[in-house]
Amino acid sequence: MSAFLDTMIAQAKSDKQTIVLPEGNDIRTLQAAEKILAEGIADLIILGNPDDIAAAGLNLEGARIVNPLTSELREGFAERLAELRAKKGMTREQALELMDNELYFGMMMVKEGQAAGLVSGACHSTGDVLRPALQILKTAPGASMVSSFFIMNVPDCELGHKGTFLFSDCGLEVQPDAERLAQIALNAEAAWRSLIDGAEPVVAMLSHSSYGSAANDDADKVARATALVKELAPEMAVDGELQLDAAIVPEIGAAKAPASPVAGRANVLVFPDIDAGNIGYKLVQRLAKAEAYGPILQGIAAPVNDLSRGCSAEDIVGVVAITAVQAQEK
Ligand SMILES: CC(C)(COP(=O)(O)OP(=O)(O)OC[C@H]1O[C@@H](n2cnc3c(N)ncnc32)[C@H](O)[C@@H]1OP(=O)(O)O)[C@@H](O)C(=O)NCCC(=O)NCCS
Ligand SMILES: CC(=O)OP(=O)(O)O
């Protein structure tokens, strides 16, 4: 277990939060729940059929098990959801039907204050997790959009902050333009500050080009996003456009971008689009055997976080701990 995860777990335990896990039908989720309860990392609400959950044979003592299909909360949640989505034409009947969906039900638990946060995605696609989150919880006050990041812990690595990096956005924004890419970078820098102790964020805007070494629209988009971030946050340590090696390897940074204050020492990596981000994080996770926690949402009004369908029970424990820490800060 990385020092980062140790810190998240210790912080989560210091002021326990209630987190809802909608995927009570997923064995990794239940294994993670057993560990979270045993270690006192969070109080849990697990959604699903109580008989099926009991059949897993795990010790989930202390968890509140709620079946969305039979819960007495359905009617009230449906009424509230219909109110929230009235402008979109949602009727009470449609909202009640959505309460059969454990993700919509779980988001309503967060919206209505029954849980401080939610973690899902072990057996739902990111779109299926994020759509109800965006529709019900919405963008946080003061934020212009929601995006996501991963915390990556690369073993035996001195790059970044002793092998710890924040990668963004690997999960939500498909093709951000320069303005949205700049927002992602600003939010990623703030996310690093809120979760990582012991190192200042150093943000690289990644591209296939370093300081104009390639001239095309894609490289230009990243250069424009970098200029916008510098304009909006002049004090921020940010630079681009930079190739990955120039961003994180000191000698290569010195060769490719000698005047850059960021090249060679970046720990926050902002990818130009979701293809680069999603492929990039999975490469590091699978080939470098890095811990990968996320997608963690930034800019959303309540702590709701996604998982990869390829996650392990340990990954779920980590994301729940991060979610609990985010909930403490709300
Ligand atoms: C997240 C995602 C599902 C939302 O898009 P969608 O399903 O097409 O849904 P919509 O565009 O109708 O958006 C649904 C709501 O979310 C809001 N929304 C969408 N993107 C948003 C963003 N980045 N920030 C804030 N709100 C957003 C919309 O405004 C809309 O709100 P409304 O219904 O109240 O008007 C879509 O961006 C997506 O599929 N992203 C990629 C996910 C993925 O496959 N990742 C790879 C694996 S991690
Ligand atoms: C984050 C991600 O890539 O999710 P999944 O693997 O479930 O598509």
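Residues numbered from 1 in each chain as written. Chains lettered and ligands numbered in written order. Predicted model: local features only at pLDDT ≥ 70, side-chain atom pairs only at ≥ 80, totals over all residues. Heavy atoms only, no water.

Draft legend 1. Quick look at the site of ligand 2. With respect to spatial proximity, the complete set of residues near ligand 2 consists of Thr126, Phe150, Asn278, Tyr281, Lys282, Pro295, Ser308 and Arg309. For ligand 2, an oxygen atom lies 3.0 Å from a polar atom in the side chain of asparagine 278. At 2.7 Å, a side-chain N or O of serine 308 approaches an oxygen atom of ligand 2. Summarising the interface, the protein chains cover 87% of the accessible area of ligand 2, which totals 260 Å² for the free molecule. Here the element with the most residues in the shell around ligand 2 is helix α13 (residues 274-287); it accounts for three residues. In the shell around ligand 2, the residues fall into three nonpolar, three polar and two charged. (Near = heavy atom within 4 Å. Polar contact = N/O pair within 3.5 Å; in protein donor to acceptor, adjacent residues only side chain to side chain. Areas by Shrake-Rupley, 256 points an atom, 1.4 Å probe, with all protein chains shown as cover. Helix = DSSP H or I, 4+ residues; strand = E, 2+ residues; numbered from the N terminus. Nonpolar A, V, L, I, M, F, W, Y, C, P; charged D, E, K, R; others polar.)

Draft legend 2. Region of the structure containing the packing of helix α2 (residues 27-39) against helix α14 (residues 313-329). Interhelical geometry of α2 versus α14 gives an angle of 55° and a closest axis separation of 8 Å. The angle between the axes of α2 and α14 places the two elements in the oblique class. At the point where α2 passes α14, the crossing takes the right-handed sense. Contacts from Arg28, Thr29, Gln31, Ala32, Lys35 and Ile36 of α2 reach α14 at Ala313, Glu314, Ile316, Val317 and Val320. Residue classes in the contact of α2 with α14 are distributed as six nonpolar, two polar and three charged. (Axes fitted to C-alpha atoms, helices over the stretch in contact; angles between N-to-C directions. Parallel < 35°, antiparallel > 145°, perpendicular 65-115°, else oblique. Left-handed = near helix turned anticlockwise from the far one by under 90°. Contact = heavy atoms within 4.5 Å.)

Draft legend 3. Up close: the site of ligand 1. Taken together, 19 residues are adjacent to ligand 1, and Arg85, Lys88, Arg131, Lys138 and Val146 come closest. Within the backbone of glycine 171, an N or O atom sits 2.9 Å from a nitrogen atom of ligand 1. Interatomic distance of 3.1 Å between a backbone N/O atom of leucine 172 and a nitrogen atom of ligand 1. Summarising the interface, the protein chains cover 63% of the accessible area of ligand 1, which totals 930 Å² for the free molecule. For the shell around ligand 1, the element with the most residues is helix α7 (residues 126-137), which contributes six residues. In the shell around ligand 1, the residues fall into seven nonpolar, six polar and six charged.

Draft legend 4. Spatial organisation of the UniProt feature "domain: Phosphate acetyl/butaryl transferase" (unreviewed entry) in the protein chain. Summarizing the sequence annotation, UniProt attributes the feature "domain: Phosphate acetyl/butaryl transferase" (unreviewed entry) to residues 4-324 in the numbering used throughout. Taken end to end, residues 4-324 is 45% helix and 15% strand, and its first and last C-alpha atoms sit 14 Å apart. (UniProt positions renumbered as here; feature names shortened; annotations may be inferred.)

Draft legend 5. View of the packing of aromatic side chains. Under the defined criterion, the tally for this structure stands at five aromatic pairs. The structure contains a cluster of three or more aromatic residues connected by ring pairs, namely Phe165, Phe167 and Phe271. (Phe/Tyr/Trp six-rings, centres within 6.5 Å; stacked < 30°, edge-to-face > 60°.)

Draft legend 6. Looking closely at the pairing of strand β5 (residues 147-153). Counting buried positions over the seven residues of β5 gives seven, a clear majority of the element. Burial of β5 is two-sided: the residues Ser147, Phe149, Ile151 and Asn153 facing one way and the residues Ser148, Phe150 and Met152 facing the other way are all buried. In the sheet, β5 pairs with strand β10 (residues 291-298) via six bridges, with the strands oriented antiparallel. Bridge assignment links methionine 152 to a residue of β10, and that residue is alanine 292. Where β5 and strand β6 (residues 164-168) come together, five bridges link them in antiparallel fashion. Bridge pairing in β6 places asparagine 153 opposite threonine 164. (Buried < 20%, exposed > 50% of the residue type's maximum accessible area, 1.4 Å probe, protein only. Pairing = 2+ DSSP bridges.)

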